[in-house]
Amino acid sequence: MSILLSPALLTVVFPVCAHAYIGPGAGFAFLGSFFVFFLAFFFAFLALLSWPVRYVLRLRRTKRGLRKDAWIKKTIVIGFDGMEPLLVERFMEQGHLPHFTRLRVEGTYRRLESTLPPLSPVAWSSFQTGVGPGKHSIFDFLHRNPRNYLGELSSAQIQSSKRALRFGRFQLPLGKPTIRSLRKSKPFWNLLGENGISSMILRVPITFPPEPFNGISLSAMCVPDLRGTQGTFSYYTTSTQTEGRKTGGHVIPLETRNGNIQTWITGPMHPFRNEETPLRVPLRIELSDHSVQLQINGASYGLHPGKYSPWVPVVFRAGPLKIRGIVRFYLRRVTPSMDLYMTPVNIDPANPSLPISHPNTFSVYLAKKFGPYATLGLAEDTWALNEGVLDDQSFLEQCYTIHREREKMFWDAMEHLRKGLMVCVFDITDRTQHMFWRYEDKRHPGYRPDAPKAFKDLFQQVYQRADQFIGQVLERIDSDTLLIVMSDHGFRSFRRCFNVNTWLHQNGYLALQPSAEPGEWFSGVDWSNTKAFSVGLAGIYINQKGREQEGIVTPGEEKERVKGEIIAKLTGLIDPETGDPAILDVIDTGAAYQGPYKDNAQDLIIGYNEGYRTAWESATGRVTSQVFYDNTKRWSGDHCLAPDKVPGVFFSNFMFPSNNPRIVDIAPTILTAFGMEPPAYMDGKALSADGVSQNTRSQRLSMGREYQD
Amino acid sequence: MAKIKIDKELMKKIKRYTKIAGYSSEEEFVIHTLEKQIAQLEETDSEEEVKKKLQGLGYIS
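Residues numbered from 1 in each chain as written. Chains lettered and ligands numbered in written order. Predicted model: local features only at pLDDT ≥ 70, side-chain atom pairs only at ≥ 80, totals over all residues. Heavy atoms only, no water.

### Some words on the sheet that holds strand β19 (residues 312–318) of chain A
The strand order across the open sheet built from three strands is β19-β20-β23 (chain A), with neighbouring strands paired in antiparallel fashion. Every other strand in the sheet has two partners, leaving β19 and β23 (346–347) of chain A as the edge strands with one partner each. (Pairing = 2+ DSSP bridges. Helix = DSSP H or I, 4+ residues; strand = E, 2+ residues; numbered from the N terminus.)

### Here we look at the side chain of A:Arg406
Within the secondary structure layout, A:Arg406 lies in helix α10 (residues 392–416). Not counting residues up to four positions away in its chain, the partners in contact with A:Arg406 are A:Arg203, A:Cys424, A:Val425, A:Phe426 and A:Asp427. (Contact = heavy atoms within 4.5 Å.)

### Topic: the confidence of the model for chain A
Residues and elements named next belong to chain A. The predicted model of chain A has a mean per-residue pLDDT of 90, with 90% of residues at 70 or higher. Ignoring residues within four places in sequence, the model shows residues 1–31, a span with pLDDT below 50, making 102 contacts including any to other chains. Across residues 694–709, where pLDDT falls below 50, the model places 35 contacts with residues more than four positions away in sequence or in other chains. (pLDDT = per-residue confidence, 0-100.)

### Here we look at the pattern of salt bridges
All names here are of chain A. Evaluation of the coordinates by the stated rule reveals 40 salt bridges over all chains. A salt bridge links Lys73 to Asp480; the shortest N-O distance between them is 3.8 Å. Remark: Asp480 occurs in the loop between α13 (458–476) and β26 (481–486) and Lys73 occurs in the loop between α2 (33–61) and β1 (74–80); sequence separation between them is 407 residues. Residue Lys73 is classed as partly exposed on the basis of its relative accessible area, which comes to 34%. Here Asp478 makes a salt bridge to Lys74, at a shortest N to O gap of 3.3 Å. (Salt bridge = Lys/Arg side-chain N within 4 Å of Asp/Glu carboxyl O. Buried < 20%, exposed > 50% of the residue type's maximum accessible area, 1.4 Å probe, protein only.)

### What to know about the interface of chain A and chain B
The interface of chain A with chain B comprises 52 residues on the first partner and 29 residues on the second. Where chain A abuts chain B, roughly 3400 Å² becomes buried across the two surfaces, and 54% of that area is made up of carbon and sulfur atoms. Between chain A and chain B we count two salt bridges in total. A salt bridge links A:Lys184 to B:Glu35; the nearest nitrogen and oxygen atoms lie 2.7 Å apart. At the junction of chain A and chain B, the tally comes to 10 residue pairs in polar contact (both at pLDDT 80 or more). Looking at the side of chain A that touches chain B residue by residue, the classes come out as 18 nonpolar, 20 polar and 14 charged. (Buried area = accessible area lost by both parts, 1.4 Å probe. Polar contact = N/O pair within 3.5 Å; in protein donor to acceptor, adjacent residues only side chain to side chain. Nonpolar A, V, L, I, M, F, W, Y, C, P; charged D, E, K, R; others polar.)

### So, the environment of A:Phe272
Assignment of secondary structure puts A:Phe272 in the loop between β14 (260–269) and β15 (278–287). Between the alpha carbons of A:Phe272 and A:Ala615 there is a distance of 40 Å; along the sequence they are 343 residues apart.

### Description of the sheet that holds β15(A)
Residue and element names in this part refer to chain A. With respect to topology, four strands assemble into an open sheet ordered β14-β15-β16-β17, the strand pairing being antiparallel. The open sheet has two edge strands, β14 and β17 (299–303), and neither has a second partner. Mean inter-strand twist for the sheet, computed between neighbouring axes without regard to direction, equals 25°. In terms of strand pairing, β14 meets β15 through eight bridges, oriented antiparallel. (Axes fitted to C-alpha atoms, helices over the stretch in contact; angles between N-to-C directions.)

### Quick notes on the nonpolar core
All names here are of chain A. One finds Ile78, Phe80, Phe100, Phe410, Phe436, Phe498 and Ile566 to be the most contacted residues of the largest nonpolar core, which totals 133 residues. In terms of residue count, α13 provides more of this core than any other element does, nine residues in total. Not counting residues within four places of it along the chain, the set of residues in contact with Phe410 comprises Ile76, Ile78, Leu202, Met422, Cys424, Phe426, Phe469 and Val473. (Core = buried A, V, L, I, M, F, W, Y, C linked by side-chain atoms within 4.5 Å.)

The structure is reproduced here in structure tokens:
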């Protein structure tokens, strides 16, 4: 694929400086800049020289390209995370989505069954593997570690090297951090690649760390920031009114001296210091009446209120080592106080200190071609909006900037797509619906009847933009291209919180130590008398003996009895304040899941009614005083509900008659389209397409050049 | 990646149980089996490290 040559050449011309791996905590392996340049040049030359030999070897090793019973040459999958069927259907009805409508009329539109539970890490894992959670082992955003009950990211594990040579305050790490994907099974594009069909995989959730395969990929959800978190913003302010702690970020109180402020940008932990000392870069802020001038690493950036800076490079130094990040600033105001927001420090794609693409040079290629771009997994800073550090407009602007970056990547990949697979996921639908459902739902505690029309019509605008994009894609595809436009789940209003751990406590399943103040991560919990607890968004774990560190419930009869009791009590549970059923059903995963990893799952999954979700505090193991309470955060839409409440969407230019497509069916469908037999372990079944069979290519419906608006 | 030798009889069993259990490959089966054992021995993150890694995840506070 020509796109693979470009990164190699660009690496030779623009060498990567000091490639280093980071993690939360110290741990580095590094090469000097000159050595990297030399190696890059040497290996590029070797690659060019040996290409004919490798080509022949590859031909012998892999089955070649498209099979004779393939009915397409190319497949393009466009994911709009969280695109909601009710909204799509409403907007199509109103005539706002002409291109989605044509797909529905001349191809396919169906609601797409999501996963249990319908969360992005779970659903996208099922999309890419064609298996259910019992076989890919992703059941939530978080899972609990049974040895200490603490939550962990379910999809990737980054561990710094514990081995180091230590002398006094300093250390020399031995070895580099390990980064492991926790998603099991195999993405279907790996299977395509084993058969000589290459793929381009752009920002599909749960592709971090990137895996080697026949193609290129850019990682997405759960790529950390340079500090090793899921996104820590900084808020620099001279206001004395702002409290010090913000969820998802840090407030840095500042003092002005002679119209200037001297402060710091905090980065990863110092790799060569024994104690936990972060690397810092000086940030100088020069104030004038209506603007500020930022000085970082010898460069100067002017900023006016209400404006974002472009991506600004930040270089952290630890001895000879340079660790590069990028940030954007948003100046809220200069007077009466200077309030300056800074995004989390994203990994610099032009000089990644963690692998975020396959090959490593692909992220560099994109950065050299289009400039810096967001690399953080959940790049849109929802906590900054939740905490009032950003306002609605500035958050929305951030979403659109990231969306435009993604569109450029998509069109670039499209230009290089001669045959094979391309998948690209756009997040704007998910992020805007999470944060702005309060403008859609009159019953939401955050609803404002006087909200600007731009926000009341926001979802229509976002969906219309998606529709225009699809129209442009349709103009460019040919009759040999299968187009699928899909979402992983839908959306509903999130009006009311349900604290699962509080309910468990009040119903005798979770015990607290006497006089203890319950805190985060089950602080104050008496495990010796606790039968059940909840971590994450979806469900409940039984405190099982022999499985959990301090488990007390015997597997077998006792466990089944406890599960049965909880199911009976929670199913149909009424919210006393609203009179609505909060919980429609509770699913026993022992029966629901199949596969070698099913024992990693929560024991019970809660099927919430629309309007409800696990409480913020409950997800991190805190017992509060109330079971039900209003969700007053700006994060006002969600999808952690009963799956049949939040199906996704499935559009295609081909006709698929199946009435009930599932997200798990897409992988085998695409394999079949390329003439391959889906493997027996896949839970999904290939959807049969109308008018498609061996030797009937001419009969295929096409939306390509025949399409007329 | 390191290579490990496995005798033919054991490999036959691995192939059979890979299919039955629903793994995508024999490699995945072997890795999972080893991971289960190692998980009991590995050090766990401290609460501080856990909080840091999860900070900023939009779905939770």
